[in-house]
Structures are given as structure tokens and as C-alpha cells.
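Here's the letter readout for the chains.
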Amino acid sequence: MQDDKVGTADETRGFVKSPQDMFAGLFIIAFGLFCLWASSNLTGGRGANLGPGSFPRGLSFLLMGVGAIIVVQALTVVGPRLEAWSIRGPIFVLGAVLIFAATIRGTTLNIPGIGRTELLPPLGLLVAGPLTLVIASLASNERNWVQTLIFAAAMTAFCILLFKVALRLPIPVAPWAGW
């Protein structure tokens, strides 16, 4: 009985059998092209003498290859139709990343004729970490505030231990407290 439904869907669909996979494959190819362009100023090297651009370019070509495989599969195998999606998730996740970038070391604006203006003081990882995770949690309708706050505190502690203590990276943890 299931085979009849697949056969009927195959007959009613046009050239693209799986629109959702088609768009996913095209997006992956576009991202691979962007990564290739972004790494174009890095030297590649030749043979055993690899340069700093070899790995990013190799990953770019792998991404484009995977995207091409998905596109070919979208043309041959019946899959899910393209469904509507909410813009809420991408907006809050991208917003969380931008908030993290603005708060970790602070934000200044260089206005010609006026000079540098501090828009936001550096808050460090102790504030930027939980703030980022709380904002990112707004991407979903299904959230538990207690779990979100516990997760934000645990992840911030983990990041401080990993990046500041174990790896000794110069990440400001709490610049307002001198750490």
C-alpha cells in the first residue's frame, strides 16, 4: 500500500522530485562557494608543502560535492515537499551571535569628526555567555526557563574553564572585576 503512494507522488511531481532536498543542496553549494571565496586570499601551497588555505579550500570543495550529491538525489528520489518555516529561529540565533560579539569585548563606534564612542562596555564571558544562551533559547516556543538558566550557567562555567583556564586564551571573563 505504501508503494502505491510513492508511485503516485512520483507521477504527479515534475522535474524536481524532492524540493526540500533541492533547496538544501543548493544552499550547501552556495555556502561552499562562499567559503571558497572567503579563503581566496590564503596561500594554498602545492604537494606536501601545504599552506594555510589548503584545508579551508578542501572543505569548501567537499561541501560543494556533498551539495551536488543532494541536488542529484533531489532530482531522482521522491522526498518531502518544501514546507513553510518560521523566521523566528534564525533571527534569535543570529541575534544571539551578534549580541555575544557586541558584549564580550564591548562595542565602539568610530564616527568621523567626532571620534571613538563606546556604545557598550566590555562585559566579558561571565555576562555575554549566559546572555547569548538565553537569547538563543527564544528561538523556540518550547523552553523551560529554569532549565535554560541552569544550562546557561553550566555552559558559561565550562567555557571559562576551557578557554581561560585550560587553553589560557586572552578572553575577558569579567573585565569590570579585573579578570
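The structure displayed is predicted, hence computed values, not measured ones. (Residues numbered from 1 in each chain as written. Predicted model: local features only at pLDDT ≥ 70, side-chain atom pairs only at ≥ 80, totals over all residues. Heavy atoms only, no water.)

Another aspect to go through is the overall build of the protein chain. Secondary structure assignment for the protein chain yields six helices and four strands. Starting at the N terminus, the α and β elements of the protein chain follow one another as α-α-β-β-α-α-β-β-α-α. For the protein chain, the C-alpha radius of gyration of 23 Å lies well beyond 16 Å, the compact-globule estimate for 179 residues. The dimensions of the protein chain, computed from C-alpha atoms along their principal axes, are 70 × 50 × 45 Å. (Helix = DSSP H or I, 4+ residues; strand = E, 2+ residues; numbered from the N terminus. Rg over C-alpha atoms; globule rule 2.2 N^0.38 Å.)

A word on the environment of I99. Within the element layout of this structure, I99 appears in helix α4 (residues 88-104). Here I99 falls in the partly exposed class, since its relative accessible area comes to 31%. Considering only alpha carbons, one finds I99 and I150, 51 residues apart in sequence, at a separation of 20 Å. The contacts of I99, once residues within four sequence positions are left out, are L131 and I135. (Buried < 20%, exposed > 50% of the residue type's maximum accessible area, 1.4 Å probe, protein only. Contact = heavy atoms within 4.5 Å.)

Grouped together as the largest cluster of nonpolar side chains are six residues: I104, L125, A128, C159, I160 and V173. Within the residue set of this core, elements represented by two or more residues are α5 (125-137) and α6 (145-166). Excluding anything up to four places from it in sequence, V173 contacts L123, G124, L125, L126, I160, K164 and W179. (Core = buried A, V, L, I, M, F, W, Y, C linked by side-chain atoms within 4.5 Å.)

This next bit is on the packing of aromatic side chains. Under the defined criterion, the tally for this structure stands at two aromatic pairs. Seen from their ring centres, F34 and W37 are 5.8 Å apart, and the 40 degrees between their planes marks the pair as tilted. Linking F34 with W37, this pair stays in helix α2 (residues 19-38), spanning three residues, or about one helical turn. (Phe/Tyr/Trp six-rings, centres within 6.5 Å; stacked < 30°, edge-to-face > 60°.)

Right, let's get into the pairing of strand β3 (residues 107-111). If a strand is regular, its side chains alternate between the two faces of the sheet. Pairing between β3 and strand β4 (residues 115-120): five bridges, direction antiparallel. Counted as the bridge partner of T107 is L120 from β4. Linking β3 to β4, which pair antiparallel, is a turn of three residues; within it G113 sits at a positive phi near 90 degrees. (Pairing = 2+ DSSP bridges.)

A separate point is α6. For α6, built from 22 residues, the straight-helix expectation of 32 Å at 1.5 Å per residue is met to within 8% by its first-to-last C-alpha distance of 30 Å. Among the residues of α6, T148, A152, T156, C159 and I160 are the ones counted as buried. Taken down its axis, α6 places every buried residue within 105 degrees of arc, on the same side. Across from the buried face of α6, at angles greater than 90 degrees, the exposed residues are V146, Q147, I150, L161 and A166. (Expected span 1.5 Å × (residues − 1). Arc of directions from axis to C-beta.)

With that settled, the discussion passes to the packing of α5 against α6. Interaxial distance between α5 and α6 falls to 9 Å at its minimum, and their mutual angle equals 140 degrees. The angle between α5 and α6 places the two elements in the oblique class. Here α5 and α6 pass one another in a crossing that is right-handed. On α6, the residues that touch L125, L126, G129, P130, L133, V134 and S137 of α5 are W145, T148, L149, F151, A152, M155, T156, C159 and I160. (Axes fitted to C-alpha atoms, helices over the stretch in contact; angles between N-to-C directions. Parallel < 35°, antiparallel > 145°, perpendicular 65-115°, else oblique. Left-handed = near helix turned anticlockwise from the far one by under 90°.)

Compared with an ideal rise of 1.5 Å per residue, which puts 13 residues at 18 Å, α5 spans 18 Å between its outermost C-alpha atoms and is within 8% of the ideal. When we look at burial in α5, the residues that qualify are L125, A128, G129, T132, I135 and S137. Tucked into the core, α5 has its buried residues touching α4 and α6.

Tracing the sequence through the fold places T148 in helix α6. Look past the residues within four positions of T148 in its chain and what remains in contact with it is L133, V134, S137 and R143.

This part covers the environment of G113. With respect to the helices and strands, the residue G113 is situated in the loop between β3 and β4. Between the C-alpha atom of G113 and that of F163, which follows or precedes it by 50 residues, the distance is 38 Å.

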